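Chain by chain, the residues:
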Amino acid sequence: MDDRLRNELAAWLEFYRELGIEDFYRRPPAPKIEAGNSKLETGNSKLVTELPIPSARPEAPKPEPRAHAVPPQALNLFETPQPARRERETLEQIRADLGDCQRCRLASGRKTIVFGQGNTRAQVVFVGEGPGADEDEQGLPFVGRAGQLLNRMLQSIGIKREEVYICNVVKCRPPGNRTPERDEIETCSPFLFRQIEAIRPRLVCCLGAPAVKTLLGLKEGMLKIRGRFYDYGAAKALATVHPAYVLRNPREEKILREDFEKIRDFLRA
Ligand code: URA
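Rules used throughout
Residues numbered from 1 in each chain as written. Predicted model: local features only at pLDDT ≥ 70, side-chain atom pairs only at ≥ 80, totals over all residues. Heavy atoms only, no water. Core = buried A, V, L, I, M, F, W, Y, C linked by side-chain atoms within 4.5 Å. Buried < 20%, exposed > 50% of the residue type's maximum accessible area, 1.4 Å probe, protein only. Helix = DSSP H or I, 4+ residues; strand = E, 2+ residues; numbered from the N terminus. Contact = heavy atoms within 4.5 Å. Salt bridge = Lys/Arg side-chain N within 4 Å of Asp/Glu carboxyl O. Pairing = 2+ DSSP bridges. Lys, Arg positive; Asp, Glu negative; His and termini not counted. Polar contact = N/O pair within 3.5 Å; in protein donor to acceptor, adjacent residues only side chain to side chain. Near = heavy atom within 4 Å. Areas by Shrake-Rupley, 256 points an atom, 1.4 Å probe, with all protein chains shown as cover. Axes fitted to C-alpha atoms, helices over the stretch in contact; angles between N-to-C directions. Expected span 1.5 Å × (residues − 1). Arc of directions from axis to C-beta.

A. Broad picture of the nonpolar core. Ranked by size, the top nonpolar core spans 36 residues in total, and within it Val-127, Tyr-165, Leu-215, Leu-216 and Tyr-232 carry the most contacts. Counting residues per element, this core draws most heavily on helix 6 (residues 182–199), at eight residues. Excluding anything up to four places from it in sequence, Val-127 contacts Cys-167, Asn-168, Val-169, Leu-192, Ile-196, Val-204, Cys-205, Cys-206, Leu-207, Ala-211 and Leu-215. Core analysis: the second largest hydrophobic core is formed by 24 residues, Leu-149, Val-164, Leu-238 and Phe-266 among them.

In structure tokens form, the structure reads like this:
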């Protein structure tokens, strides 16, 4: 491994350590590397490429933009164009790996694992915090009151719920709907990273502080960082407030509406 690669790898490990993630897995080498993928996907660097690639930190290595296999005008607005790509995990494989998860204490209080729902080739992935009572009951994300608000917001920008993918930072309901704890996020978030990597959306929308912190490593107040686009590898990430926050503070609905309009403009651009 050359020095540059070693330094990049060290920067990544440090980045994930700061997020509280210390365990990494390594998939068997992909049979073929296609042109247009990350410049890190050469030589001995596959370990690096298997990690999610948020880049809120300046030193985070940025992959090359992905090539589109079809002309943009032929694209369905809500599906990510499928470039020639290397073998990658499917959501089904990730779900199978999650299994009847007992990796953290949330397992004991849950009824159902809420893995995620929606278009597996979505251009936009919404990431919430964790399932609530309704989600735990039904096994689907955002089906309670916060979900209804999310649906309304999507509708207001002309997007159908089934056109996007929706999931959470943790897949099991925290007791009493408390915020997931650091070690729970540390245990569960690799599955989120893998889901995003499997879908490869153009945009990841972080709903609320836990998603922002987990995906972007940003710890500032939500009202300061919301409404902005951040680099998330080859994709962008938008930070916005959680719909449940708006339910508690109805006057703030305009914030969420404003941010969803940004999503619409981004997808149209
Ligand atoms: N809140 C979340 O963060 N996620 C859900 O799935 C539901 C409510």
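B. Seen up close, the pattern of salt bridges. Within the structure shown, the criterion is met by 15 salt bridges. Ionic pairing is found between Arg-105 and Asp-183, a salt bridge with its closest N-O pair at 2.5 Å. With Arg-105 in the loop between helix 3 (91–98) and strand 1 (117–118) and Asp-183 in helix 6, this pair connects stretches of sequence that are 78 residues apart. A relative accessible area of 35% places Asp-183 in the partly exposed class. The partner of Glu-181 in a salt bridge is Arg-178, with the nearest N and O atoms 3.9 Å apart. A single network of salt bridges, built from pairs that share partners, joins Arg-105, Arg-178, Glu-181, Asp-183 and Glu-184.

C. Examining the pairing of strand 6 (residues 235–240) more closely. Among the six residues that make up strand 6, five are buried, leaving the element largely enclosed by the rest of the structure. The pairing of strand 4 (residues 203–207) with strand 6 spans five bridges and is classified as parallel. Bridged to Cys-205 within strand 6 is Leu-238. Note that strand 5 (residues 229–232) and strand 6 share four bridges and pair antiparallel. When the bridges of strand 6 are listed, Tyr-232 appears paired with Ala-235. The antiparallel pairing of strand 5 with strand 6 creates a hairpin that spans two residues between the two strands, and Gly-233 there sits at a positive phi of about 60 degrees.

D. How the structure looks around the side chain of Glu-135. Looking at the secondary structure, you find Glu-135 in helix 4 (residues 133–138). Buried and without a salt bridge, Glu-135 has Arg-173 as its closest oppositely charged side chain, separated by 7.0 Å. A polar side-chain atom of Glu-135 sits 2.9 Å from the main-chain amide nitrogen of Gly-132. Only 3.0 Å separates the side chain of Glu-135 from the backbone nitrogen of Gly-144, close enough to count as a polar contact. Setting aside residues no more than four positions away along its own chain, Glu-135 makes contact with Val-114, Leu-140, Pro-141, Phe-142, Val-143 and Gly-144.

E. Local environment of the site of the ligand. Near the ligand, the surroundings consist of Gly-128, Glu-129, Gly-130, Glu-135, Pro-141, Phe-142, Asn-168 and His-242. One of the backbone nitrogen or oxygen atoms of Glu-129 is found 2.7 Å away from an oxygen atom of the ligand. Between the ligand and His-242 there is a distance of 2.7 Å, counted from an oxygen atom to a side-chain nitrogen or oxygen. For the ligand, whose free accessible area comes to 230 Å², the fraction covered by protein is 92%.

F. A look at the sheet that holds strand 2 (residues 124–128). With mixed pairing, the six strands of this open sheet are ordered in space as 1-3-2-4-6-5. If you trace the sheet from one side to the other, it starts and ends with strand 1 and strand 5, each paired once. Across the sheet, helix 10 (residues 253–268) lies against strand 2, strand 4, strand 5 and strand 6, angled at about 165 degrees from strand 6, the strand it touches most.

G. Fine view of helix 10. Given a rise of 1.5 Å per residue, 16 residues ought to cover 22 Å, and the 23 Å separating the end C-alpha atoms of helix 10 matches this to within 8%. If you check which residues of helix 10 are buried, you get Ile-255, Leu-256, Asp-259, Phe-260, Ile-263, Phe-266 and Leu-267. Down the axis of helix 10, the smallest arc covering the buried residues is 130 degrees, so these residues share one side. Exposed positions of helix 10 whose direction lies more than 90 degrees from the buried face are Lys-254 and Arg-268.

Geometric values such as these leave the question of function open.
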